Amino acid sequence: MTHILNADLHCHSVVSDGTLTPEELAPRAKANGVALWSLTDHDEIGGQARAIAAARQAGLPYLTGVEVSVTFVNATVHIIGLGFDHTDPALVEGLRQTRGGREQRARAMSDDLARVGIPGVYEGALKYVGNPELISRSHFARYLVEIGVCKETNEVFRKYITEGKPGFVAHRWATLRNAVRWITGAGGLAVIAHPGRYHLTANEEYALFTEFKAHGGQGVEVVTGAHGQADYVKYAGFCSEFDLLASRGSDFHSPTESHTDLGKLPNLPGSVTPVWEPLAARFH
Ligand code: AMP
Ligand code: MN
Ligand code: MN
Ligand code: MN
């Protein structure tokens, strides 16, 4: 399967904080020329059976996927899992625990926004939630746009619900060790998502990659919606420095909010080994 270039191994559906269903995403990916697809909802694999069926319907090769929220040195880091058994009990249970606490966090976020004069945001955000176990900051952002507090969701993430801004509530997610072990224990491959988005010092970033490898992590996203040319070069370099496979994914959430659509990304640099090569036996 070395001939695949347009793999898109990172996106979200209504099962987490995307706005399209798995059944809408699969034909959209196919129409955009995607040759291998994965749905990677946050902390949730409840959409995998639907994505597998929708991909088959669209004639699109598919890898199971998930994006696990992790707390590492007090920062939130995302770890993508690919090509695992989506019925694996330890993975299912680990993700269930990782989702726990989102509702309480959402109520605390809403209380904090009420203190700055924006009441009822929890109830408002719920209208956008497709999965009651997965209320996310994206749903808050959509409601704050709806009521005119901000013009677009990106503006919400500049002015509210991020560290130091009204509505932010710190949260402890899964450990790096557990996230990697749940994924690899289910036969999958773990990938550091969009490393260019974390505001880590060089030492912290080195520690992240070193610990990730020590726990059995094998890949890093090199080409993704949040990365620019400098990130492609930097993380392609990390692939050789840390002996990692390279992944590629848009992180598409919504036709109106996401600036990178499914499959609309540059190809991986020629120097790296694509993460999907050793996963060929796990394609659906
Ligand atoms: P949560 O898991 O509830 O903390 O929500 C995280 C989600 O919020 C991410 O997966 C993104 O979809 C969204 N998000 C975070 N930061 C931004 C940003 N600066 N602009 C747009 N969306 C963002
Ligand atoms: Mn998201
Ligand atoms: Mn992410
Ligand atoms: Mn994502």
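What you see is a predicted model; the values in this text were computed from it and never measured.

## As for the coordination of the manganese ion (ligand 4)
Next up, step 1: Surrounding the manganese ion (ligand 4) are the protein donor atoms His10 (NE2), His12 (NE2), Glu67 (OE) and Asp251 (OD), which sit 2.1 to 2.2 Å from the metal.
Next up, step 2: Each donor residue of the manganese ion (ligand 4) lies on the same chain, and together they follow the pattern H-x1-H-x54-E-x183-D.

## A word on the coordination of the manganese ion (ligand 3)
Next up, step 1: Distances from the manganese ion (ligand 3) to its protein donors, namely Glu67 (OE), His78 (ND1) and His194 (NE2), fall within the range 2.1 to 2.2 Å.
Next up, step 2: Sequence positions of the residues that donate to the manganese ion (ligand 3) give the spacing E-x10-H-x115-H.
Next up, step 3: The distance between the manganese ion (ligand 3) and the manganese ion (ligand 2) comes to 5.7 Å. You can see glutamate 67 sitting in strand E3 (residues 65–72) and its partner histidine 194 sitting in the loop between strand E5 (189–192) and helix H9 (202–215), a full 127 residues away along the chain. Note on accessibility: glutamate 67 and histidine 194 belong to one class, buried.

## A closer look at the pairing of E3
Next up, step 1: Counting buried positions along E3 yields eight of eight residues, so the element is predominantly enclosed.
Next up, step 2: Side-chain alternation along E3 places Gly65, Glu67, Ser69 and Thr71 on one buried face and Val66, Val68, Val70 and Phe72 on a second face that is also buried.
Next up, step 3: As judged from the eight bridges shared by E3 and strand E4 (residues 75–82), these two strands associate in the antiparallel manner. Paired with valine 66 across the two strands is glycine 81, which belongs to E4.
Next up, step 4: The hairpin formed by E3 and E4 contains two residues between the paired strands, and valine 73 there has a positive phi angle of roughly 40 degrees.

## Notes on the environment of alanine 226
Next up, step 1: Tracing the sequence through the fold places alanine 226 in the loop between strand E6 (219–224) and helix H10 (229–241).
Next up, step 2: Here alanine 226 falls in the partly exposed class, since its relative accessible area comes to 38%.
Next up, step 3: Setting aside residues no more than four positions away along its own chain, alanine 226 makes contact with Arg197 and Asp231.

What counts, and at which threshold
Residues numbered from 1 in each chain as written. Chains lettered and ligands numbered in written order. Predicted model: local features only at pLDDT ≥ 70, side-chain atom pairs only at ≥ 80, totals over all residues. Heavy atoms only, no water. Donors = N, O, S within 2.8 Å, 3.2 Å for Na, K, Ca; no water. Helix = DSSP H or I, 4+ residues; strand = E, 2+ residues; numbered from the N terminus. Buried < 20%, exposed > 50% of the residue type's maximum accessible area, 1.4 Å probe, protein only. Pairing = 2+ DSSP bridges. Contact = heavy atoms within 4.5 Å.

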